[in-house]
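Structural overview
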Amino acid sequence: SGRLVIAVDGPAAAGKGTLARALADALGLPYLDTGLLYRAVGRRMLDAGLSPHEDAEPAARALQPEDLRRTDLRTPEVDRAASAVASQPAVRTALLQFQRGFGAEHGAVLDGRDIGTVIFPDARVKLFVTASTRSRAERRWKQMRGDAPVDAAGRAAAIDAVEAELLARDAADSARATAPLRPAPDAVEIDSDALDADAVLREALRIVQARL
Ligand code: C5P
């Protein structure tokens, strides 16, 4: 019943965004990367010279559409700031209606941490995308590294550093009191370790078809 809402949750760099965007394309649904909301709030705090651990509710309430189009939302500093502001209940409350409104209008695919548990507990389809920490770190490192040449030792050290940051962020996101990262009881888990992006999409489409 109602609009088709698909929740795609999971830890950092598990492939949620790639899957959610492809699903939205395949199904003709709007797509919302909810992590961008928290990133944009974190960015505003940093720009204002504030610690992201200070009250970020005003920054969340002041958010504008153009904040989400900024190109500097995926730096390691913003990763940490986003996770810090995301632990504040008032920030989450400030961003709730926008997310619900986005999905309620035409249906949507949303990716994040709490879409299936808090934002859309009645979503028709809930997916929880996981992968080993190492392959998530490799994925994120490849996204970040650009074209700079790097030897094997440099590569391993760089991936170690990314892995440590991912683990710290997942630990914080999982341990927070409000809307912690966890699968909804009725979420279907997809382990993306052994699957390429096309295979993950096919698996997800099978799960969606079964629920239509
Ligand atoms: O998904 P992404 O890595 O861009 O999210 C950045 C941070 O925003 C996460 O580490 C998490 O703390 C927060 N977040 C959240 N709830 C969501 C999406 C993101 O708390 N639905």
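The rules we used
Residues numbered from 1 in each chain as written. Predicted model: local features only at pLDDT ≥ 70, side-chain atom pairs only at ≥ 80, totals over all residues. Heavy atoms only, no water. Helix = DSSP H or I, 4+ residues; strand = E, 2+ residues; numbered from the N terminus. Buried < 20%, exposed > 50% of the residue type's maximum accessible area, 1.4 Å probe, protein only. Polar contact = N/O pair within 3.5 Å; in protein donor to acceptor, adjacent residues only side chain to side chain. UniProt positions renumbered as here; feature names shortened; annotations may be inferred. Pairing = 2+ DSSP bridges. Axes fitted to C-alpha atoms, helices over the stretch in contact; angles between N-to-C directions. Contact = heavy atoms within 4.5 Å.

For Ala-13, which is not glycine, the phi torsion reads 60 degrees and is therefore positive. Relative to the helices and strands, Ala-13 is located in the loop between strand E1 (5–9) and helix H1 (16–27). Positive phi, close to 50 degrees, is recorded for Ala-179, a residue that is not glycine. Mapped onto the secondary structure, Ala-179 falls in the loop between helix H8 (152–175) and strand E5 (188–191). On the basis of relative accessible area, Ala-179 is assigned to the buried category, the value being 11%.

Looking now at the environment of Asp-114. Mapped onto the secondary structure, Asp-114 falls in the loop between strand E3 (108–112) and helix H6 (115–119). Overall, the relative accessible area of 2% leaves Asp-114 in the buried class. In this structure the C-alpha to C-alpha distance between Asp-114 and Val-8, which are 106 residues apart in sequence, comes to 8.9 Å. There is a polar contact of 2.9 Å between the side chain of Asp-114 and the side chain of Arg-92.

Right, let's talk about the UniProt feature "domain: Cytidylate kinase" (unreviewed entry) in the protein for a bit. Sites flagged by UniProt as "domain: Cytidylate kinase" (unreviewed entry) map to residues 6–209. As annotated, residues 6–209 comprises 56% helix and 11% strand, and the C-alpha atoms at either end are separated by 12 Å.

Strand order in the open sheet formed by 5 strands is E2-E3-E1-E4-E5, with parallel pairing between adjacent strands. Only two strands of the sheet have a single neighbouring strand rather than two, namely strand E2 (31–33) and E5. Taken pair by pair, the neighbouring strands of this sheet meet at an average axis angle of 20 degrees, ignoring direction. Note: strand E4 (residues 125–130) against E5, 4 bridges, orientation parallel. Within the sheet, the bridge partner assigned to Val-129 lies in E5 and is Ile-190. Sitting on the sheet, helix H9 (residues 197–211) touches E1, E4 and E5, and the angle it makes with E5 is about 165 degrees.

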